[in-house]
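Coordinate analysis (summary)
Below are the chains, spelled out letter by letter.
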Amino acid sequence: SQKIEQNSEALNIQEGKTATLTCNYTNYSPAYLQWYRQDPGRGPVFLLLIRENEKEKRKERLKVTFDTTLKQSLFHITASQPADSATYLCAWRGNAGNMLTFGGGTRLMVKP
Amino acid sequence: DVKVTQSSRYLVKRTGEKVFLECVQDMDHENMFWYRQDPGLGLRLIYFSYDVKMKEKGDIPEGYSVSREKKERFSLILESASTNQTSMYLCASSFWQGHQPQHFGDGTRLSIL
């Protein structure tokens, strides 16, 4: 079965720095990887999607990269702000079906 | 804006009760999902529906059933609630194409005493 691994330890960074979060998958290459943001007491909110044949995707201060050799996706937030503090989830989807497999999420804390 | 509404934010029930969690979406999405979220275990899929009256089991369907009588509404049923079903339950919906993002409700925190 597929496992999606994210660093369970919180990531603490200073405002203005770039935050980099990691998502590793164990077995099968995804058709897509999706990234979500979750605030306390709220449901996840979709941020970005990267396809298996894409190396990089950007949206404003967000960037996602994908390395099939390392079986890894990196999620970057540049010029981070305290408002970026949240838990970030990555989700894997294979070539069949509509179901996503989520990682456990990484909590990001951006200090002013 | 897509809105996924879960009927309760907090719910307290007793062991053995039959519990209904309701979810409604307003974007005419074909797919609807029920997850539970527990610390250290992340989001786990309970059931998924891709059309009215259609359902598929997710990773942890035991102890749960679902009902989808109308396209916009997806219900999760705990047939006989047990304390290990205390959790945060999240409903989501999406268009049928697999790459489409899922839109989540804000969850129901269910406590079984």
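For the structure, see preceding data.
In this report, the structure presented in the accompanying data block is examined.

Here we take up the overall build of chain B. Each helix and strand counted, chain B has zero helices and eleven strands in total. Ordering the α and β elements of chain B from the N terminus gives β-β-β-β-β-β-β-β-β-β-β. Its C-alpha atoms give chain B a radius of gyration of 13 Å, within 12% of the compact-globule value 13 Å for 113 residues. Taken along its principal axes, the extent of the C-alpha atoms in chain B is 40 × 25 × 25 Å. In chain B, which comprises 113 residues, the proportion classed as buried is 48%. Taking the contacts inside chain B whose residues are at least 6 apart along the sequence as the reference set, 55% of them involve residues at least 24 apart. Of the roughly 5,600 Å² of accessible surface on chain B, a fraction of 50% belongs to carbon and sulfur atoms.

Next up on the list: the interface of chain A and chain B. In this complex, chain A contributes 18 residues to the contact, which on the side of chain B involves 22 residues. Where chain A touches chain B, the interface holds one salt bridge. Close ionic contact of Arg 42 of chain A with Asp 106 of chain B constitutes a salt bridge, the shortest N to O distance being 3.0 Å. Where chain A meets chain B, there are six residue pairs in polar contact (both at pLDDT 80 or more). Every element with two or more residues in the side of chain A that touches chain B is listed here: strand E4 (32–38), strand E5 (45–51) and strand E9 (86–93) of chain A.

Residues and elements named next belong to chain B. Taken as a whole and judged by the stated rule, the model has 13 aromatic pairs over all chains. Taken together, a centroid distance of 4.9 Å and an interplanar angle of 10° make the contact between Phe 33 and Phe 48 stacked. Separated by 15 residues along the polypeptide, Phe 33 in strand E4 (residues 31–38) and Phe 48 in strand E5 (residues 42–51) bring together distant segments of the chain. Given a relative accessible area of 2%, Phe 48 falls into the buried group. Summarising the aromatic geometry, the rings of Tyr 35 and Phe 104 are spaced 5.6 Å apart at their centres and angled 35° between planes, so their arrangement reads as tilted.

Our next topic: the state of the cysteines. The final tally for this structure, using the stated rule, is two disulfides over all chains. Paired by a disulfide, Cys 23 of chain A and Cys 90 of chain A hold their sulfur atoms 1.8 Å apart. Of this pair, Cys 23 of chain A sits in strand E3 (residues 19–25) while Cys 90 of chain A is found in strand E9, placing the two residues 67 residues apart along the sequence. Both residues of the pair, Cys 23 of chain A and Cys 90 of chain A, belong to the buried class. Between the sulfur atoms of Cys 23 of chain B and its disulfide mate Cys 91 of chain B the distance is 1.9 Å. Handedness of the Cys 23 of chain B-Cys 91 of chain B disulfide follows from its S-S torsion of about -75°: it is left-handed. Of this pair, Cys 23 of chain B sits in strand E3 (residues 19–25) while Cys 91 of chain B sits in strand E9 (residues 87–94), and the two are 68 residues apart along the sequence. Given the relative accessible area of 0%, Cys 23 of chain B is considered buried.

All names here are of chain B. Read from one edge to the other, the open sheet built from four strands follows the order E1-E3-E8-E7, with strand pairing classed as antiparallel. The open sheet terminates on both sides in strands that have one partner only, identified here as strand E1 (4–6) and strand E7 (64–70). Across the sheet, the mean angle from the axis of one strand to that of its neighbour is 20°, orientation sign disregarded. Note that E1 and E3 share three bridges and pair antiparallel. Bridging across to E3, Thr 5 finds its partner in Val 24.

Residue and element names in this part refer to chain A. Counted according to the given criterion, the structure contains ten salt bridges over all chains. When the shortest N-O distance is used, the salt bridge between Arg 58 and Glu 56 registers 2.8 Å. Take Arg 58: its relative accessible area is 57%, and that puts it in the exposed class.

Each value, and the rule that gives it
- Residues numbered from 1 in each chain as written.
- Chains lettered and ligands numbered in written order.
- Predicted model: local features only at pLDDT ≥ 70, side-chain atom pairs only at ≥ 80, totals over all residues.
- Heavy atoms only, no water.
- Helix = DSSP H or I, 4+ residues; strand = E, 2+ residues; numbered from the N terminus.
- Rg over C-alpha atoms; globule rule 2.2 N^0.38 Å.
- Buried < 20%, exposed > 50% of the residue type's maximum accessible area, 1.4 Å probe, protein only.
- Contact = heavy atoms within 4.5 Å.
- Areas by Shrake-Rupley, 256 points an atom, 1.4 Å probe, with all protein chains shown as cover.
- Salt bridge = Lys/Arg side-chain N within 4 Å of Asp/Glu carboxyl O.
- Polar contact = N/O pair within 3.5 Å; in protein donor to acceptor, adjacent residues only side chain to side chain.
- Phe/Tyr/Trp six-rings, centres within 6.5 Å; stacked < 30°, edge-to-face > 60°.
- Disulfide = S-S within 2.5 Å.
- Pairing = 2+ DSSP bridges.
- Axes fitted to C-alpha atoms, helices over the stretch in contact; angles between N-to-C directions.

Note that every value here comes from positions in space, so none of it alone points to a role or purpose.
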